[in-house]
Amino acid sequence: MADSDRLTLPDPLPLARGADFWSLRLVEERAECYAVRKNVPQPPTLLLDRGAMLTAYADGGCGYAATSDLSPAGLQAALDRATAWARATAGRSLIDFRSLPRPAPRGAYASPGVDQPGRSQKEWYELLADESRSAGCDPRIVDWEATVETRTAEHRYLTSTGGEVVQRYRFVMPGLAVTAHANGDTQTRTLNGYRGLAQQGGESMLDRFAYVGSGRRVAEEALQLLLAPNCPSGTMDILLMPDQVILQIHESIGHPLELDRILGDERNFAGTSFVSLDMFGTYRYGSDLLNVTFDPTRPEELASYAFDDEGTPAEKAYLIRNGILERPLGGAISQARAGIGGVANSRADNWNRPPIDRMANINLEPGDATLQDMIGGIERGVLMSTNSSWSIDDSRNKFQFGCEWGQRIENGKLTTVVKNPNYRGISANFWRSLARVGDVSTVQVLGTPYCGKGEPSQVIRVGHASPACVVTGVDVFGGEG
Amino acid sequence: MATSSIEAYFGDVAGLLDRSLAAGEVYTCRLDAENSDFVRLNRGKVRQPGSVAQCYLRLHLVSGHRHAEQCITVSGDAGRDREPILAALARLRATLAALPDDPHLSYATDVRPSRVVRSEAALPAETIIETVLEAARGLDLVGLYAGGPVYRGFANSFGQRNWHEVTSFSLQWSLYHRADKAVKSAYGGFAWDDAAFAAKKADAREGLALLGRPARSLGPGRYRAYLTPRAMEEIAGMLCWGGFSGRALETRQSCLFRLRDGSAELDPSVSFSENTAEGIAPAFQDEGFARPAEVPLVDAGRMVGSLVNPRTAREFTLVHNGANASEVPESLDMRAGSVAAADALAMLDTGLYISNLWYLNFSDRTACRLTGMTRFASFWVEGGRIVAPVDVMRFDDSVFRLLGQELVGLTSERELLVNSDSYHQRNANSMRLPGAVVREMAFTL
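Residues numbered from 1 in each chain as written. Chains lettered and ligands numbered in written order. Predicted model: local features only at pLDDT ≥ 70, side-chain atom pairs only at ≥ 80, totals over all residues.

Novice: Explain the pairing of strand E20 (residues 422–426) of chain A here, please?
Specialist: A regular strand places its side chains so that they alternate between the two faces of the sheet. Residue and element names in this part refer to chain A. Among the 5 residues in E20, 4 count as buried, and that is most of the element. The pairing of strand E18 (residues 398–410) with E20 spans 5 bridges and is classified as antiparallel. When the sheet's bridge partners are listed, Gly-402 is paired in E20 with Asn-422. When E20 meets strand E24 (residues 469–477), the two strands line up antiparallel, connected through 3 bridges. Paired with Tyr-423 across the two strands is Val-476, which belongs to E24. (Buried ≥ 20, exposed ≤ 12 C-beta atoms within 10 Å, placed from the backbone. Helix = DSSP H or I, 4+ residues; strand = E, 2+ residues; numbered from the N terminus. Pairing = 2+ DSSP bridges.)

Novice: Just to check I follow, could you spell out the pairing of strand E12 (residues 331–334) of chain B for this structure?
Specialist: Residues and elements named next belong to chain B. Burial of the side chains of E12 extends over both faces: Ser-331 and Asp-333 are buried on one face and Leu-332 and Met-334 on the other. When strand E9 (residues 272–274) meets E12, the two strands line up antiparallel, connected through 3 bridges. Each residue of the ladder has a partner; that of Ser-273, found in E12, is Asp-333. Relative to strand E20 (residues 430–443), E12 runs parallel, the two sharing 3 bridges. Of the residues in E20, the one forming a bridge with Asp-333 is Arg-432.

Novice: What should I look at first to understand unusual backbone geometry in this one?
Specialist: Trans peptide bonds make up most of the peptide bonds, and negative phi angles are found at most residues other than glycine. Omega for the bond connecting Glu-455 of chain A with Pro-456 of chain A falls within 30 degrees of zero, at 0 degrees, which places this linkage in the cis form. Turning to its location among the elements, Pro-456 of chain A is positioned in the loop between strand E22 (444–453) and strand E23 (458–466). Positive phi values are uncommon outside glycine, yet Asn-322 of chain A reaches one of about 50 degrees. Examined against the element boundaries, Asn-322 of chain A turns out to sit in the loop between strand E12 (317–321) and strand E13 (324–325). Positioned with a positive phi, His-424 of chain B is a non-glycine residue whose angle comes to about 70 degrees. Along the chain, His-424 of chain B falls in the loop between strand E19 (407–418) and E20.

Novice: Can you walk me through the packing of helix H1 (residues 5–20) of chain B against helix H2 (residues 78–97) of chain B in this structure?
Specialist: The description of two packed helices rests on the angle between their axes and on the distance between the axes. Residues and elements named next belong to chain B. Between H1 and H2, whose axes approach to 11 Å, the crossing angle comes to 40 degrees. One element, H1, and the other, H2, form an angle in the oblique class. Handedness of the crossing formed by H1 with H2: right-handed. Residues Tyr-9, Asp-12, Val-13, Leu-16 and Ser-20 of H1 form the contact with H2, whose own contacting residues are Ala-78, Arg-82, Ile-85, Leu-86 and Leu-89. (Axes fitted to C-alpha atoms, helices over the stretch in contact; angles between N-to-C directions. Parallel < 35°, antiparallel > 145°, perpendicular 65-115°, else oblique. Left-handed = near helix turned anticlockwise from the far one by under 90°. Contact = placed C-beta atoms within 7 Å.)

Here you go:
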């Protein structure tokens, strides 16, 4: 990148003109998306997204204004608009912003290998074409695609109190999906789900997930599913592989612990939570084996960072320890509203949306069981892998999830492959039936760039690292035919 | 209607691109811009007020049979944006050099200009919020006001110019009684009307009073049900997730491929179309192709069409009908039935009145089987009268049953439901749907 093409600080900086405090969040994201579908290279799409959000406190109110006009005049207009909103709503604000601290954070963050050169466009297409050729190996395979999105980002945060934070990121998100069809049935198999492989850092993640060779492997699994019977129905044990545990963590731990949901901000859209403020410190969320952390420090994980989007320094913290609920996912403003501690998770998905309480990296800490221990300990159950369906109520309690891949476990051994594995339950009971937690050898560091929430709507990157887990006495069922 | 400054700006951008092309090159350029006010409310007060001014250009460069797209943010000032636009063009040229030919490339060459401008003088957002907050006094109101102009433009090197500019507002709000018991309401349009808002608020308060009754918890089982148009929006939304896509149907990934193959059918009263003429989405798609006024999709319970993007048309030798790359309906229209909405409760007799569904997903896509939750003001009804609110329940059932053998009737009145999503930008999609009475709907949790 030429120096002249870098994101630069506005000069001059905007003038406060009536704001008691202001912050400037300058965001630049660049992305390149490549795909080879059915052996045809798809046209590349490139992105250069730059913009700024100005936030102002005035007279006890707070307002924001975002703009893609990064000229000094454009930024000044945005700050003036933000200040006008703060003043106009000061007496009507849910929060008296006079009582909140004015942060002045200083620091920096960089993804691993953020400045290392990546593959060329030609090299990406060659890799994807190889996997595409391997995937289209049978006439029953009717659609297949190998994809990758590479993205770099630079986020700058400045405050009128002298704060300045620069965070630079690099992401690699490869994907692979194969659809097979025969005899009136269609089965799709993917590599860890749609955009389920997403990490910070360089392309070494392709090796960690054995991307080379995945086309043939995934295609063969899709063909196996076509021949498989439906998942059996009944109450039984389930062995969830990491690419399904992360969905379970996300929906039934991450979202219900978001403090803004508990405070009611999301009730008109994303929903509320079965968790209430009085539960922190005492509520048994799961069995003794359940240890869940907010961990922004794992370098390769998708949502690692040094500061959140309101300038709060980010540190690892336990949310649930030995099954007992300890703290919510709430940023500085929510913490002040609720009078309870939280974490640095006030985040916006881009320059044009305001920060709200979001998951970042929410991880289930490993236990001591090997995969073989877990399989061997199940008399009748199903191994489930790779989420394909997710649905949960607005209090994050009654859920139903489905997976791409199932395999029966009978008398301690993996047996028949089954299709359309689904299970349902209630968050408040489910985690108390957590019976085995896999050791570090079973851990995968995964995540998704597509967590939706907020009004106006936002879709953000979240990371989840998890081992495989066994849950007992779960209501399991399959498809119709 | 006078030309807005952003429309004039887009004309300048197109002129710059026209002058900057090399021999043999073709461009298309799409503008997506808005000046939006967003005011988030909770507990009858302001949680987050703000404004967003954004302008994106999607520049698509074609040379021979090679092509690529670059999306950039711009300031909206033609002078300042000249350099980044030319830099994007240069980047695309460099990208094209290393690409193979694309056998599925397709772009519009016949010039079909259009211009739609609907921008009435609007009240300032601050004034509207004052009205809403006054109405919320003493109530637990939570929601979002979104308003302001949204711009969509298209230009290409053949001289086509399309412009779509609409200034609108949307207030989506919920009045909470307790815990998860609430009435969800929406008021949207082009010019704020205090009387219309007051009527909406009065309806919501009526629903709130019903929520004050002790709630009933129902066990798993099959229940007769009335689905309001809002609840139907969630079911139709799932069908839109690849269901009507020409590409998904050809590759058997559509949840409706059995309907297309004739191995499943819907009730003869069920008909769907993509009704661009009566929706609010632009009449041109991202690559500049014009959309027909209406594309029939399902007629009398049988699949008769699909949404076909020009790229899909090339791949499968089909005729395209102006669909975007996602092949998702943007103005889905479901034909009205014969049940007067006022008679829906009587026709339900005893069962569930479902005002809203929530968080649907497929439990078996091939069988078009969905799962999801009831949400907001849903009630138990006996003898055609509302008896009690119900606690949230999970359903798991096939659309082939719900809108097939189990369908009792569709209402003769329909609602125009404007999509309130604002991921990346304010959505311009809508659906027009009736309510539905169904004989049995399976609830599982």
